[in-house]
Every structure is written in structure tokens, then in C-alpha cells.
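# Structure at a glance
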Amino acid sequence: MVAPSKIPSSRGTGQPGRDVTPRARMAAEVRAGLSAQPLPWLPCKYFYDDRGSALFEQITRLPEYYPTRTEEGILERVAGDVVAATRPVELCELGSGVGRKVRLLLDAGRAFRTLERCMLLDINATVLAESVRSLEGEYPGLCVRGVVGDFQRDLPVLGPGGRRLALLLAGTIGNFHPDREVPQFLRAVARQLAPDDAFLVGLDLVKDEGRLEAAYNDAAGVTAEFNRNILRVVNAALDADFDPDAYDHVAFYDRDHAWIEMRLRARCDQRVEVPGAGLTLTLRRGDEIRTELSCKYTRATFEARLARTGLRLESWLSDAESLFALALLRRTA
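Let us look at the structure shown here.

Sheet architecture is open: three strands sit in the order E6-E7-E10, paired in antiparallel fashion. Each having just a single partner strand, strand E6 (247–254) and strand E10 (288–295) make up the two edges of the open sheet. For this sheet, the mean angle separating the axes of adjacent strands, direction not counted, is 20°. With seven bridges connecting them, strand E7 (residues 259–266) and E10 associate as antiparallel partners.

Within the fold, Ala166 resides in strand E4 (residues 164–168). Taking C-alpha positions, Ala166 is 8.7 Å from Leu193, a pair spaced 27 residues apart along the chain. For Ala166, the residues in contact, after removing those within four places along its chain, are Cys92, Ala198, Phe199 and Leu200.

In this section: the packing of aromatic side chains. Using the criterion set out here, one finds 13 aromatic pairs in the structure. A centroid spacing of 6.4 Å and a plane angle of 75° characterise the contact between Tyr65 and Tyr216, whose relative ring orientation is edge-to-face. Of the two residues, Tyr65 sits in the loop between helix H2 (50–60) and helix H3 (66–86) while Tyr216 sits in the loop between helix H7 (209–215) and helix H8 (222–238), which places them 151 residues apart along the sequence. Look at Tyr216 and you get buried, because its relative accessible area is 1%.

Glancing now at helix H6 (residues 182–192). When you tally the buried positions in H6, you get eight out of eleven residues, the bulk of the element. By the burial criterion, the buried members of H6 are Val182, Pro183, Phe185, Leu186, Ala188, Val189, Ala190 and Gln192. Buried-residue contacts for H6 involve strand E1 (90–94), E4, strand E5 (198–204), helix H9 (299–305), strand E11 (311–318) and strand E12 (324–331).

Cut-offs and rules
- Residues numbered from 1 in each chain as written.
- Predicted model: local features only at pLDDT ≥ 70, side-chain atom pairs only at ≥ 80, totals over all residues.
- Heavy atoms only, no water.
- Pairing = 2+ DSSP bridges.
- Helix = DSSP H or I, 4+ residues; strand = E, 2+ residues; numbered from the N terminus.
- Axes fitted to C-alpha atoms, helices over the stretch in contact; angles between N-to-C directions.
- Contact = heavy atoms within 4.5 Å.
- Phe/Tyr/Trp six-rings, centres within 6.5 Å; stacked < 30°, edge-to-face > 60°.
- Buried < 20%, exposed > 50% of the residue type's maximum accessible area, 1.4 Å probe, protein only.

In C-alpha cells form, the structure reads like this:
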């Protein structure tokens, strides 16, 4: 599941020349996805209204969902080493700053007395504001700034770097298509990095299929509710009339592509109106809408995606079971 990068607010990103409203952009993306054949899809960033964010936080605490606690365990062990290697003045998380992980790095930065600023770039204004307030209270003297934006599109709002450690944790990069989107995203990151900047990326790794599928099919049904929540988000934002309870949650591992797919399967024939996107969707019983890809990597397959992006792998940091890894990247020149 994607780490929190959530539903657009009514505010823009503050970038000059951006005259497309978040709602119009969402409408275009939803229209393109739901019109796709043979498999309609929805962008997984739209899981995350406030309810979706709360559901995801529940997921991170489920016994089946190993990524969060594994990544936290790695950071508990290596946060000091990462900060010692990068000596950041600024920490920049592509995400909302929720949870312990960013705090482990902030604590390490405070111990080294190098850290002065923390920037959070996230698409959910509500959660972003809460995170900024929380971090300001916990780290007096640290300049904390929140920027509303979509990090797949709005990286230029970060401005020039210089001893900046950028973070994309929680395996979020797995939600990007490994061939079409990951190299493009990494090239965009490389353009934003100064020579003394670094980029720390969290990666879920290839492992036993049973363990992978259990993480996305928890016994309590929280992931199923999280999956259906994307339809509620589309209903609220684009005046659609999806009935979330008319869909079954489906999640499976595709070994050929090394990714988990999450889908919603129609329980009956349906005709759905999405006025805000100018779309009518007709589904037969058993038809599916893909809501997420979650790609799993090995060191070799991730390094292959770095080719011609302007980034190189400096360190590969994993746990004893090789469930998850943190990749520390630098510019090639």
C-alpha cells in the first residue's frame, strides 16, 4: 500500500503558472483510468482522504503487515549512520511526516547537531498541517515547513538543495510502474539534488508469496475497507454514485511482474455515473477495477532502474530476513 500521499485539497501547490485546479486534474486522471481497456484503474493516491489515511495507519499496525515495523527496525539501527554519511542541514520527506520513521532520522540529526530544517511535501493538507504542528512541538528550534503538492509532479517546489536528505519511505516507490514511472521519477529527483544531497528510498523486497499476499489480505478486513474507500473518495470529489459495498476486495501477487495488484471486483452488473469526470462506467458482474500496484524489488532489479537516471546506489541497508531495504542514493555527477 502506498504510504500517505493523499487526496488533493482545494488549495494549489503554490507554483506559478499552475492554473489547473486539483479537482480538474483529478477528474482528468479518473476519466483516463476508468476509460482504460481491458482493465479500468484508479490512481492509488486517491485512496487517501482523511478516512483512508486513518485506515492506512490501522493497516501499519496489523500483524500481517510487516513493512512498517521492518523499515522502522532498519532505521533504528542505521539512522545514525545515514545522518553521519550525509550530514544534512535539511530533511525533506516526500510524504506527510506521520509516524516514527522520520522522527528516528530527526533524532539522529539532532544528535549530530547538523539539522536546521524539515520540509514535508504531501497532497493531503489536513494531515500535513497536523504533522507540521506535531513536529514543531516535538523539535523546538527546528524550522518545519509543509508544502501541499503531489511529489510525482511537484518536486520543483522543493527549491534548490544543499546538504539535503530527501526521503521516500514505506515502499511508496513500489506504487510507480517500474518501467514507465520509476525511471522518470528518479530522473526528476536527480534534477533536484545538489552534489552534496542524498535520497533515501524504502523498498519492499521480493519474498515468499504467502507472506506478501497475507499483508494485503488481512484477517480483520481493514485492507478491504481501505481499498473500497477509494470509491468513496471519487464519490465525494466528483459526484459519482459508486456503491462501495457492491465490490469485493481482491489482492494477489503477480510473480512475472514481481508486484502485488489490488483490485475491486463488481458483485453485480452496474452502471456508475461520474459527473465530475464526464463519464459513465458500465461494469458486468466480475469485472474489476485496478486500484494499486505495489512492486517488489531485489537489489539487482532496483539498481537496473537507476540506469541513465543520474542517480547511483551508495548504500543498501536491509534487515536480517531481507524483507525490506533502504537504498541511499546520490547524484552520479
